[in-house]
Amino acid sequence: RTGKLCESYDALAVGVDLSSALKERNDWTVFLMAGLGDDRVEMIDYRRMRAMGNIEKIDALCEMLAEWGVILQDEDKESSYFPTDTAIVCKVEAIAYQQSMQADAKKVLHEERHLTNIVLSPQLGYRGDKLTRLRGSFGLFQQGRILWNEYINWEPFWNELKNFGQADHDDCPDAMMLAIKALIGAGRLQPSWGEWDHGDD
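Quick look at the structure, then. (Residues numbered from 1 in each chain as written. Predicted model: local features only at pLDDT ≥ 70, side-chain atom pairs only at ≥ 80, totals over all residues. Heavy atoms only, no water.)

**Quick look at the overall build of the protein**
Our working rule: Only DSSP runs of H or I reaching four residues or more are called helices, and only runs of E reaching two or more are called strands; each is numbered from the N terminus. The protein chains shown are the only cover counted for residues, whose accessible areas, like all others here, come from Shrake-Rupley with a 1.4 Å probe.
If you tally the helices and strands in the protein, you get 7 helices and 11 strands. With an accessible surface of roughly 10,300 Å², the protein has 46% of that area assigned to carbon and sulfur atoms.

Laid out in structure tokens, this is it:
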């Protein structure tokens, strides 16, 4: 269901699904920002893009976080950002991250932009197939514990979710699962996940 977002969160996370290095021209990179509050997960905003370069992806992430006040942006310099006291976890599947983006993300976000409130957290792996993991989140939907920001156009996202397994892409559901995983690990909701390798939660 869609609705208005709450005013504060117990935790914030971004689920990051990176395009495959071998299929980058066709795959999407998706950043999904979500928050844990009032016993539910709220889907705040997302970016869905085709981009070859890591800097373009990192800039898109920073622009989204700046729009929501998680980081601050210098009005005179679009590429100049500053951290806030609001911590946010970026949960990304480890293999794709380590192969394509890890070094650039750490260098740009932490060393150059000093965005220390952005925590980079690779998800080391999964056991079982994607459909099993997605089904593990159904309890949250059935109990009304998933809320979508009513001011965002979610149609491309929902299309992949509703047609999972038949749609050409599953980047949005993958990003959603990573975001929920990051928030559930930090919070008190207890869906049935199936089996996960816990990684470095």
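**A look at the packing of aromatic side chains**
Cut-off, in case you're wondering: Here is the rule: rings of Phe, Tyr and Trp (six-membered ring for Trp) pair when centre to centre is within 6.5 Å. Planes less than 30 degrees apart are stacked, more than 60 are edge-to-face, and the remainder are tilted. Whether a charge sits over a ring depends on NZ of Lys or CZ of Arg being within 6 Å of the ring centre and within 35 degrees of the ring normal.
For the structure shown, the criterion picks out 6 aromatic pairs. Seen from their ring centres, Tyr 46 and Trp 154 are 4.9 Å apart, and the 15 degrees between their planes marks the pair as stacked. Here Tyr 46, found in strand β4 (residues 40-49), pairs with Trp 154, found in the loop between β10 (146-149) and α6 (155-162); they are 108 residues apart in sequence, far enough to count as distant. Between Trp 154 and Phe 157, the aromatic rings sit 5.7 Å apart at their centres with planes inclined by 85 degrees, giving edge-to-face as the arrangement. Through a chain of ring-to-ring contacts, the aromatic side chains of Tyr 46, Trp 148, Trp 154, Phe 157 and Trp 158 assemble into a single cluster. Above the plane of the ring of Trp 28 lies Arg 48, whose end atom (NZ or CZ) is 3.9 Å from the centre. For the cation-ring pair, Arg 50 lies above Trp 28, with the distance from its terminal atom to the ring centre recorded as 4.1 Å.

**Regarding the side chain of Thr 29**
This is how it is decided: Throughout, exposure labels follow a simple rule: accessible area from a 1.4 Å probe, protein chains only, divided by the maximum for the residue type, with under 20% read as buried, over 50% as exposed, and the rest as partly exposed. Residue contacts are counted whenever heavy atoms from the two residues lie within 4.5 Å of one another.
With respect to the helices, strands and loops of the structure, Thr 29 is situated in strand β3 (residues 29-37). Owing to a relative accessible area of 0%, Thr 29 belongs among the buried residues under this scheme. Not counting residues up to four positions away in its chain, the partners in contact with Thr 29 are Asp 17, Leu 18, Ser 19, Arg 47, Arg 48, Met 49 and Lys 57.

**Remarks on empty space enclosed by the protein**
Defined as follows: We place a 1 Å grid over just the protein atoms. Points where a 1.4 Å probe fits but has no way out form a cavity, open points with protein on both sides within 12 Å along at least 5 of 7 lines form a pocket, and any residue with an atom within 4 Å of a point lines it. Grid points are joined across faces, edges and corners, and a volume is the space filled by probe spheres set on the points. Throughout, the ten residues Ala, Val, Leu, Ile, Met, Phe, Trp, Tyr, Cys and Pro are labelled nonpolar, Asp, Glu, Lys and Arg are labelled charged, and all others, Gly among them, are labelled polar.
Here the structure, examined in full by the defined rule, presents 1 cavity of 30 Å³ or more. A volume near 80 Å³ is recorded for the largest cavity. Looking at the largest cavity, the residues that line it are Val 16, Phe 31, Ile 58, Leu 61, Cys 90, Val 92, Tyr 97, Met 101, Ala 105, Leu 109 and Leu 120. Residue assignment for the lining of the largest cavity shows that the elements contributing at least two residues are α1 (54-67), β7 (88-93) and α3 (102-112). Taken together, the residues that form the lining of the largest cavity break down as 11 nonpolar, no polar and no charged.

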